[in-house]
Every structure is written in structure tokens, then in C-alpha cells.
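If you want the building blocks of each chain, they are given just below.
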Amino acid sequence: MESPKKLSSESRTLSASSLRDRLSKLTTTPINPVAALQANVNFVPARIPRKRRLQMLAVAVWSVMIVLTTAAFLVLCSFPPLWPLLAVYQLWALCIDNGPENGGRLSPWFRSNPVWRYFADYYPASYEADLPADRPYVFGYHPHATGFSAAFPGIKPHLLTLSSNFRVPVCSVSKRSCSNILKSGPGSAITIVVGGAAESLSARPGTADLTLRRRLGFIKLAIQHGADLVPVFSFGENDIYEQMPNEKGTSVYALQKKFQSVFGFTLPLFHGRGLLNYNLGLMPYRRRMLQLNTDCCLVPLVGKPIHVKQSARPSLEEIMDIQKKYIEELTRIWNTYKDQFAKARLRELNIID
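Description of the structure in this document.

Cut-offs and rules
Residues numbered from 1 in each chain as written. Predicted model: local features only at pLDDT ≥ 70, side-chain atom pairs only at ≥ 80, totals over all residues. Heavy atoms only, no water. Helix = DSSP H or I, 4+ residues; strand = E, 2+ residues; numbered from the N terminus. Buried < 20%, exposed > 50% of the residue type's maximum accessible area, 1.4 Å probe, protein only. Polar contact = N/O pair within 3.5 Å; in protein donor to acceptor, adjacent residues only side chain to side chain. Contact = heavy atoms within 4.5 Å. Expected span 1.5 Å × (residues − 1). Salt bridge = Lys/Arg side-chain N within 4 Å of Asp/Glu carboxyl O.

So, about the side chain of His 142. Locating His 142 in the fold gives a position in strand 2 (residues 137–142). Judged by its relative accessible area of 0%, His 142 is buried. At 2.7 Å, the side chain of His 142 and the side chain of Tyr 326 are in polar contact. Here His 142 is in contact with Val 194, Leu 210, Leu 212, Val 232, Phe 233, Ser 234, Tyr 326 and Leu 330, once residues within four sequence places are set aside.

Set out below in C-alpha cells:
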């Protein structure tokens, strides 16, 4: 066995000198957490117009509304004297209240509250077609608008969602709810996010993958009630959040689909901006659109209405014919405005399942 090689005095001196140099480089750069945070987080400037502050505040409050209401309910549950009242309320909400299935409880005062105006102005909408109030409408929103009543007077819009979300002021997307609203006659309108939870999982910046091919229920509903179908395409919708990679076949995707099968909706793992910074938080990004010279990156465009002939029992051929026209109008909106509102796109519009 060979004896270990001995270092000469010159080698020892060189090694010690090299170690001292490395340690001195480490100690000359002091650790400053505040400076590191400022280097990685893009904070908003101190002076911002009051209107923009109020817009951000309205969106921020809505973004955490589920957390706030859940916390408030748990706090109320911590007081035993309130238990009888809470039990009666739960019984009424789950077994007696039929508001969600009958168009909700319209309140002009509540709808005209300034909070909603600030919320809507965070992303103003554009409208391409005139919609007369002499007929009902079914709006299909893509992907997964604002100032609507002022743009289309006489039309009463209803935003629909899952029945499980019904403890907030919107209407159920159940067939019964849709039918009851459309039966109200001319001027009644419902808005359905057609792609739903499945589409939200494929949302990526620079893409427009629409879950639509197999979604025929809203078309059948429009034909049964003689309601014009109106496609709405929102440019920039997939750019307002960054989502964690969840391609099909991954564990994340499998968990999200399992969650959807159990609860009826899913939870994309995303992040956006914060109230006081531009790159860390859960609020939607508000990136600047240079081509519009505006701070908004989301432009919902209401397309031309597709007139349908009323039929109580539409055939599959009739439904597929209307779907073809609906997709053609969506494609027309995309091709007309993509170079204006989707310059940073990674690929073209893609109609999937």
C-alpha cells in the first residue's frame, strides 16, 4: 500500500492563500433579504391614479371572496347561540330556496353598484355587433363582459355557474335554470362559459385551445327556446395567469381530474400579480397591450348573433349545423383580430374536445 503523498510547504501556502481568497469573496457581499426581495419582485410605483387603485382593490376583494366568506362562516359557527339561526339558514339555502334555478334575484341597485363598475373597468370589453332586445340570447364565452347593460340596453344578462358555487350572487347553469331565464321572453340572456373546468386546465399564455367539439347542450337549449347564439371570444384570457405544467399523463393532471370528478370543478395551480407588485400573487396580470396603447391585456369581443329556428326537439343534424356556424363565427373573430390582440401567440386557434 502506497503511503499518502505529503504536501510541500509551498503547496500548503498556495492552498491556504486560495482558501482565504474564496472566503473573502463570500464575505464581501453581505446577505440582505430586503435587497434580494426588491431585486426579484417588481413593486408598483408609489403614485398611481386613484381610479386604477380602486379597480385593483375591487378585483383583489373578489379574488379572495371565497376565503373571506368561508372564514366568516367558521367564525359565526364558533358562537353556539348562533347555531339555531345557522341551521335554519342552511336548511333554507339547501332545501327551500329556488332562486338559483329561476334567474336569481335581480336587483338594479345592486347591479349598478360602483364596485362592479370598477371591477369591470379592470378589463374593459369591446362589442362588434348590435343586439336588439326583441329576442332571447345565449352567449357562449371563450376561453375559460363588462359594461354590458350600457352597450346593449333592454337585454338582461345572467351569468351562470355550477350549482355548487351558488352561495354567491350568480345563477345556476343547470338546464332548469337556463330554461326558466330564457322563458322570460325578449331581452332575456344567459352567459355560459362553454369550456368549463376542462378548458381551464389547458389554459396557457400564448394559446387558445377551446373545449367545444362535444359541447352541444347549450346549442340544443338555444334552439329549443328560439334564442340567438352569440359567440364571445376574449383575447388575452389565457395570458392573465401563469399555470403550473400539468400535461396529460402527469400526476398533477390526474389529481386535478380526480378533484373535478368529485366536486364538479377543478383547481388549476396558477399565479399572477399582487396588489402591490406586478409578478407575485393571485390577482390576474394586467400587462400592457402596446398595440392598443392601454394597460389591459384582455379584450372580450362579442361576435355576430347566429339566428336559430325554434324547435322543441331539434335533431342532431340541426344541432351540428348550428355548431358549424358557431365555430365559423368564432374563427372569423380570431382571424380578424388575432394580429391586433394576439401578436404574442404561440399557435393558432385550436378547437378541441
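What follows continues from the structure just given.
In this model, helix 12 (residues 251–263) (13 residues) spans 18 Å end to end at C-alpha, consistent with the 18 Å of a helix rising 1.5 Å per residue. Where helix 12 ends, the next residue or the one after it, Gly 264, has phi of about 90°, a positive value.

Here we take up the pattern of salt bridges. Side chains that differ in sign of charge can pair as their charged atoms come close. One pass over the structure, following the stated rule, counts seven salt bridges. With a shortest N-O distance of 2.8 Å, Arg 332 and Glu 329 are connected by a salt bridge. Taken as a pair, Arg 332 and Glu 329 lie in helix 13 (residues 316–341) at a separation of three residues, close to a single helical turn. For Arg 332, a relative accessible area of 24% corresponds to the partly exposed category. Note on Glu 329: relative accessible area 9%, which makes it buried. Each of the salt bridges in this network shares a partner with another, and the network as a whole consists of Lys 338, Asp 339, Arg 345 and Glu 348.

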